[in-house]
Every structure is written in C-alpha cells, then in structure tokens.
Amino acid sequence: MDSLAPPFRAVVIGATGGLGRAFVTHLENDPNCARVVALGRSTDPPLELTDEDSIRHAAAWLTEQAPDWDLIIDATGVLTIDGHRPEKRLRELDPAVMAQAFAVNAIGPALIFKHFAGLLPKDRKAVLATLSARVGSIADNHSGGWLSYRASKAALNQIVRTTALEMRFSHRRAVVAALQPGTVETPLSEPYRARAPEVLTPERATGALLEVLDALGPEDSGGLFDFEHQRLPY
C-alpha cells in the first residue's frame, strides 16, 4: 500500500473468514504497515456484526490504541443462510432469510461505517472499504434470481455511495469503496464455483483488491470496483 503514508495502521473486520485472513496476512507482510488489527466474533475485543454495542465498543478500543487508522476493511458477508441457498425464483423468497441477508450484508456494514468512519485520519489519504458483489449491481442484472443476496448487496452499494458523499466534507482525502472480489475459494462460494469462469485463491483475490485500493483517489470514492481494477455500474 504505497499510497498510504507510512507507517500506516490497518483494521480488518471479519478476519476469521477466508478473505479476512488473507487480507491480514498481506498487511502483516507489508513493510509500510506498522500494525494490523484483526476483528471478528472470536477476537478480543469481539465484534459481532449484528450487535451494534460490540461494534461501538471495538471502535472505542481502537481509539484507545492509536489516534487514527489509515485502512479499514470490512470483509464480512453471507450468501447461504441457515441452509437456505440463494433463491432461483421469486416464489422461493423467505422473509426471515431475506431479513438476515440484509442484517449481515447491509445493516452490519452500515453500522461499521457509522462507528469506524471517524477513526480515519483527515490530513492524508485513508480508505474505508467493504466487500460487495457484482450481482448487487442493478444495471448488470441480466438473469434475475438470488433476490435476497442481490438486494442486500445493492443496499450496501447505496450505503457506500452515501457514506462517501457525506465524508467529502469531513475527510476530503478519504476513499470509501465497495469491492467485488470475484469467485474465491472460500466456504461462501463453494456450492457455486462450477459455473464461475475463474476461481481465485483468497491470497490472489485480496492481493489484487489491495492493489485496487492503492490506486484509488478521492475522486473514485463511492464506487464499486472489481479485482481487475474495473469500476462496475451500480
């Protein structure tokens, strides 16, 4: 991460997942990174995405550790919920499953933005990023299906865009970004890899996404970007 002023500090949320762990490993091996903190359900302090108090407490703890944090990555997300795979047809929609998709894929990240955005420095480039999905793009939806997942990720994209617009006034050099990691060898994607044109290792996907974030500037804030450096339509 050459674009962040060294020595920079980083936070990875969802660090026990496949992509989260890979992000942590990359950052631990970055000579410009002075410290990386991994947060998740089983860390100290714990961070539970559906528990705002835990998110608030984790943010307060980070404030005690350092005056600011240059890179904050939310690597959380859910696709299969309590054994329910994405819907193929509208008649398969389950409101409880859909509510859980929104709780994890949209509301949780929104609460992270609420409590963590203020940790970013105001005097230099800083990055607040979250994992989204290409299927969350309304303009790119040509096949239908996967309604709960698509809609929750589309909501997340709107949260990213709105956060970026608000932060223009307080953090003029900040980059707020949604990331499309591609199909990655993680438990989340395992049932769906057969139809993917390319399957990436977590190491390759996160390395590519860090390169994407390194290349973004304030003018890119609020966008959705894939691992190949392409800006995707919302």
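Further up the page is the structure itself.
What counts and what doesn't
Residues numbered from 1 in each chain as written. Predicted model: local features only at pLDDT ≥ 70, side-chain atom pairs only at ≥ 80, totals over all residues. Heavy atoms only, no water. Core = buried A, V, L, I, M, F, W, Y, C linked by side-chain atoms within 4.5 Å. Buried < 20%, exposed > 50% of the residue type's maximum accessible area, 1.4 Å probe, protein only. Helix = DSSP H or I, 4+ residues; strand = E, 2+ residues; numbered from the N terminus. Contact = heavy atoms within 4.5 Å. Phe/Tyr/Trp six-rings, centres within 6.5 Å; stacked < 30°, edge-to-face > 60°.

### What to know about the nonpolar core
Here's step 1: Judged by nonpolar contacts, the single largest core of 36 residues is most densely connected at Leu39, Ile72 and Phe116.
Here's step 2: Mapped by element, the contributors of at least two residues to this core are β1 (8-13), β2 (33-39), α2 (52-65), α3 (95-116), β4 (126-131), α4 (147-167) and β5 (174-180).
Here's step 3: Residues within four places of Ile72 in sequence aside, it is in contact with Val11, Ile13, Phe116, Leu119, Leu120, Val127, Leu128 and Ala129.
Here's step 4: By size, the runner-up hydrophobic cluster in this structure holds 32 residues, among which are Phe8, Ala129, Ala205 and Leu213.

### Considering the environment of His229
Here's step 1: Within the fold, His229 resides in the loop between β8 (224-226) and β9 (231-232).
Here's step 2: Classification of His229 by relative accessible area gives partly exposed; the value is 41%.
Here's step 3: Sequence separation of His229 and Ala215 is 14 residues, and the distance between their C-alpha atoms is 8.7 Å.
Here's step 4: Residues within four places of His229 in sequence aside, it is in contact with Ala208, Glu211 and Val212.

### So, the packing of aromatic side chains
By convention here, two paired aromatic rings are described through the distance between centres and the angle between planes.
Here's step 1: Under the criterion given, the structure shown has 1 aromatic pair.
Here's step 2: Their ring planes at 75° and their centres at 6.0 Å tell us that Trp146 and Tyr149 sit as a pair that is edge-to-face.
Here's step 3: Under the relative-accessibility criterion, Tyr149 is labelled buried at 11%.

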